[in-house]
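What follows is each chain in one-letter form.
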Amino acid sequence: MRKFCLLLLLVASLSTLYVTPGITPAQGQELPVPREETVVIPGYYDPPNWDHFNPYIPSRAGVMEIPLAFEGLWYFNYTSGEIIYWLCTGWEYKNNNTQLIIHVRDGVTWNDGEPFTAKDIVFTINMLKEHSELYGHAMVDSAIESATAPDDLTAVLNLKAPNPRIHYWFRDTWGGIIIVPEHVWKDVDPTTFLNNPPVTTGPYKLNMTIPELRMAIWERNENYWAKSLGYFPGPKYIVYKVLPSVDVAVTEFSKGDIDVLVSAWIDWPVLKSLKSSFPDTTALVTITDPFLHALRVNCAKYPFNMSDFRWALSYAIDRERVGAAYTEYDYAPPAKFPFPSWDSLKPYMYPDVVQKYNITYDPDKANQILDSLGFIDVDADGFREYPNGTKFSFEIAYGAPWRVNYEYALVISQCLKEVGLNAYIQPYDVSILAQKCSLGLYDTTTSWGLGTNMPWNMGDPYFLISGFHSKYVTPVGNYMTGGDSARLSEPEMDEIIDELSQVGPSDPEYSELAHKAVEVWMKYLP
């Protein structure tokens, strides 16, 4: 089995592995719902709030509401390449890509029985434009001039500039625009509204949360709108259950108390052993992950704001050692580009770009760059000081208990120390680390990885670079409401993003601009 590591800083595009047993009666903690009708999914960190399901403000619960309750206007099958129209039946651009018309599916309903209409789309867009505190505000307000609904099945978005990609914002629910019901949200303050219970269009609705049991219960919506189309889930209940450790998870899985284990937390030999122990009731499934595990850096903080320093970090990291650190795989070949080696992305692996910006292990070159930047070991303690002679060290943060992030952080720290950089690793609760990254209060991290939208959008390099526009950057200590948490501010990056944003893949200028986009990203290595 193969995975890829970029060490881009990057370290690896993981395949995710998980085991699913047959449902058996609970032998541990009693569930408040019938076990034979329930799938139990484990989590490993306490949500910041058990009663908060607003997708547009910080500290959302994060207890499976996104995949179970919210839905996108359309989906894309990344294996077959098929577009799946869902809450909409299609879209079209007019007036030189300055107007997007969305055609809403008739018959969709919210889980309270009210109809889903174009007015909900328009309301959501206008809500995001009017409230700068909300996630997505910067993205929406910078691109959309106005939104109207001439009828219940037609939403018209008038754009501030030509943009042939706005429809991607509504694909699935990961990182895009989640439509909220106007009839629920119109009379509340969206900056404080907890959205509990969430009114959504998805197949599951919230039954209850039980903080003292660290458990959220989702119940199948028996009136789910897509049921008439032949789409209806089997399990009546989904239980999201927070466990204190991966050891407890393995024990509960062995007893049939939970139904899923994921290799990011569980050692690969343990998963294989469980499969051998329960051959008739378990499945071992591998999925090639488009996310590259990466050492992400805070480009708003010195010295990580210097591209030369970032390249020094890259040259210092031995990707072969990093790729061997995680025992889930036999080998993880280093990636040469900031996206996975899918066939659909190979046209963008430009040989001249990789020759000019070669992501490789070269500690001598790392030392040369660091010396030239004035980072010298002046007191002979083995670690370099700042150019002014003061002590220099930095943190590699990782989200516990994600073992893969720890393993990579440990090896990267060792590599960096070999070129005199005092990089130490520090675990954080995942929710705390997410807040630190959003606020810019971090040095580097092996969590989150490099997950641009390029793989999800049929290989369009615009989605590799778009999140790195400086318009998203806020002062350190303030939440970002859009863009990548690297907080890069580079005029050349902004320029190519602005150019490519107005050109679609079918336009004649696209090929040249796509090439430049990949080259500029590699140059600045955010």
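Residues numbered from 1 in each chain as written. Predicted model: local features only at pLDDT ≥ 70, side-chain atom pairs only at ≥ 80, totals over all residues. Heavy atoms only, no water.

Undergrad: Quick rundown of the overall build of the chain? Include the residues and the values.
TA: Across its full length, the chain carries 15 helices and 17 strands. In terms of principal-axis extent, the alpha carbons of the chain reach across some 70 × 60 × 40 Å. Long-range pairs, those at least 24 residues apart, make up 69% of the contacts in the chain with a sequence separation of at least 6. Surface summary for the chain: the accessible area is close to 21000 Å², and the carbon and sulfur share equals 51%. Counting 39 positive and 64 negative side-chain charges, the chain places the centres of these two groups 3 Å from one another. (Helix = DSSP H or I, 4+ residues; strand = E, 2+ residues; numbered from the N terminus. Contact = heavy atoms within 4.5 Å. Areas by Shrake-Rupley, 256 points an atom, 1.4 Å probe, with all protein chains shown as cover. Lys, Arg positive; Asp, Glu negative; His and termini not counted. Charge placed at Lys NZ, Arg CZ, Asp CG, Glu CD.)

Undergrad: For the sheet that holds strand β15 (residues 393-400), give the residues involved together with the corresponding values.
TA: A sheet is described by the order of its strands in space; here four strands give the open sequence β14-β17-β15-β16, paired in mixed fashion. Every other strand in the sheet has two partners, leaving β14 (296-297) and β16 (422-429) as the edge strands with one partner each. By the bridge criterion, eight bridges tie β15 to β16 in an arrangement that is parallel. Residue pairing for β16: Ser 393 is matched across the bridge by Asn 422. Across the sheet, helix α12 (residues 430-439) lies against β15, β16 and β17 (444-445), angled at about 120 degrees from β16, the strand it touches most. (Pairing = 2+ DSSP bridges. Axes fitted to C-alpha atoms, helices over the stretch in contact; angles between N-to-C directions.)

Undergrad: Residue-level account of the sheet that holds strand β2 (residues 38-43), with values.
TA: Ordered in space as β2-β11-β10-β9, the four strands form an open sheet in which the pairing is mixed. Edge positions in the open sheet fall to β2 and β9 (204-210), since each of these has one partner strand only. Strand-to-strand twist in this sheet, taken as the mean axis angle between neighbours without regard to direction, amounts to 20 degrees. Across six bridges, β9 lies against strand β10 (residues 215-220) in antiparallel orientation. The partner of Ile 210 across the bridge, within β10, is Met 215.

Undergrad: So, the packing of aromatic side chains: which residues are in play, and what are the values?
TA: For any two aromatic rings, the description comes down to two numbers: the centre-to-centre distance and the angle of the planes. What the rule picks out here adds up to 28 aromatic pairs. Judged by centre distance (4.9 Å) and plane angle (45 degrees), the ring pair of Trp 74 and Trp 91 falls under tilted. Of the two residues, Trp 74 sits in strand β3 (residues 74-76) while Trp 91 sits in strand β5 (residues 88-94), which places them 17 residues apart along the sequence. Residue Trp 91 is classed as partly exposed on the basis of its relative accessible area, which comes to 22%. Pairing Trp 110 with Phe 116 gives two aromatic rings, centres 5.4 Å apart and planes at 55 degrees, and the pair type is tilted. Since its relative accessible area comes to 3%, Trp 110 is described here as buried. The class for Phe 116 is buried, based on a relative accessible area of 3%. Members of the aromatic cluster, joined through ring pairs, are Tyr 302, Phe 304, Phe 309, Phe 375, Tyr 386, Phe 392 and Phe 394. (Phe/Tyr/Trp six-rings, centres within 6.5 Å; stacked < 30°, edge-to-face > 60°. Buried < 20%, exposed > 50% of the residue type's maximum accessible area, 1.4 Å probe, protein only.)

Undergrad: Could you give an account of the side chain of Thr 444, naming the residues involved and the relevant values?
TA: Here Thr 444 is to be found in strand β17. Judged by its relative accessible area of 0%, Thr 444 falls in the buried class.

Undergrad: Just give me the short version of the packing of helix α7 (residues 307-316) against helix α15 (residues 510-524), but keep the residues and values in it.
TA: A pair of packed helices can be characterised by two numbers: the angle between their axes and the separation between those axes. For the pair α7 and α15, the least separation of the axes is 8 Å and the interaxial angle reads 80 degrees. The orientation of α7 with respect to α15, classified from their angle, is roughly perpendicular. Residues Ser 307, Arg 310 and Trp 311 of α7 form the contact with α15, whose own contacting residues are Met 522, Lys 523 and Tyr 524. Split into classes, the residues belonging to the contact of α7 with α15 amount to three nonpolar, one polar and two charged. (Parallel < 35°, antiparallel > 145°, perpendicular 65-115°, else oblique. Nonpolar A, V, L, I, M, F, W, Y, C, P; charged D, E, K, R; others polar.)

Undergrad: Now, about the confidence of the model for the chain: what can you tell me, with residues and values included?
TA: In the predicted model, the chain carries a mean pLDDT of 89, and the fraction of residues at 70 or more is 91%. Below a pLDDT of 50 lies the segment residues 1-28, which in the model reaches 164 contacts outside its immediate sequence neighbourhood of four places, other chains included. (pLDDT = per-residue confidence, 0-100.)

Undergrad: Any chance you could break down the packing of α7 against helix α10 (residues 363-372) for me, citing the residues and the numbers?
TA: Contact geometry for α7 and α10: axes closest at 7 Å, N-to-C directions at 155 degrees. Here α7 lies roughly antiparallel to α10, going by the angle between them. Classified by chirality, the crossing of α10 by α7 is left-handed. Of the residues in α10, those in contact with Asp 308, Phe 309, Ala 312, Tyr 315 and Ala 316 of α7 are Pro 363, Lys 365, Ala 366, Ile 369 and Leu 370. Looking at the contact of α7 with α10, its residues break down into eight nonpolar, no polar and two charged. (Left-handed = near helix turned anticlockwise from the far one by under 90°.)

Undergrad: Quick rundown of the pattern of salt bridges? Include the residues and the values.
TA: In this structure the tally under the stated criterion is 20 salt bridges. Between Arg 171 and Asp 172 there is a salt bridge whose closest N-O contact spans 3.1 Å. (Salt bridge = Lys/Arg side-chain N within 4 Å of Asp/Glu carboxyl O.)

Undergrad: Before we move on, can you summarise the environment of Ser 413 with the specific residues and values?
TA: By secondary structure assignment, the location of Ser 413 is in helix α11 (residues 403-417). Remark: the alpha-carbon pair of Ser 413 and Trp 169, spanning 244 residues in sequence, is separated by 37 Å. In contact with Ser 413, other than residues within four places in its own chain, are Ile 396, Ala 423, Tyr 424 and Ile 425. In this structure the side chain of Ser 413 is engaged in a polar contact, spanning 2.5 Å, whose partner is the backbone oxygen of Ala 423. (Polar contact = N/O pair within 3.5 Å; in protein donor to acceptor, adjacent residues only side chain to side chain.)

Undergrad: Run through α7, naming residues and quoting values.
TA: Among the ten residues that make up α7, eight are buried, leaving the element largely enclosed by the rest of the structure. Phe 309, Arg 310, Trp 311, Ala 312, Leu 313, Ser 314, Tyr 315 and Ala 316 are the residues of α7 that are buried. Buried residues along α7 sit in contact with β14, α8 (319-325), α10, β15, α11 and α15.

Undergrad: If you had to explain the nonpolar core to someone new, which residues and values would you point to?
TA: By size, the foremost hydrophobic cluster in this structure holds 117 residues, and its most contacted members are Leu 73, Leu 157, Phe 170, Ile 177 and Leu 416. Element by element, the count of residues in this core is highest for α15, at nine residues. Leu 31, Tyr 44, Tyr 240 and Leu 261 belong to the second-largest nonpolar core, a separate cluster that totals 36 residues. (Core = buried A, V, L, I, M, F, W, Y, C linked by side-chain atoms within 4.5 Å.)

Undergrad: I'd like a description of the side chain of Arg 165, backed by residues and values.
TA: Residue position: Arg 165 is located in the loop between β8 (154-159) and α4 (182-185). Judged by relative accessible area, which is 2%, Arg 165 ranks as buried. Among the polar contacts made by the side chain of Arg 165, one reaches the side chain of Asp 460 at a distance of 2.5 Å. What Arg 165 contacts, discounting residues up to four positions off in sequence, is Tyr 93, Asp 460, Tyr 462, Phe 463, Leu 500, Ser 501, Gln 502, Val 503, Gly 504, Pro 505 and Tyr 510.

Undergrad: Provide a residue-level description of the pairing of β10, including the pertinent values.
TA: In terms of residue burial, β10 counts as a mostly covered element, since five of its six residues are buried. Bridge count between β10 and strand β11 (residues 237-242): five bridges; the pairing is antiparallel. Directly across from Ile 217, in β11, lies its bridge partner Val 239.

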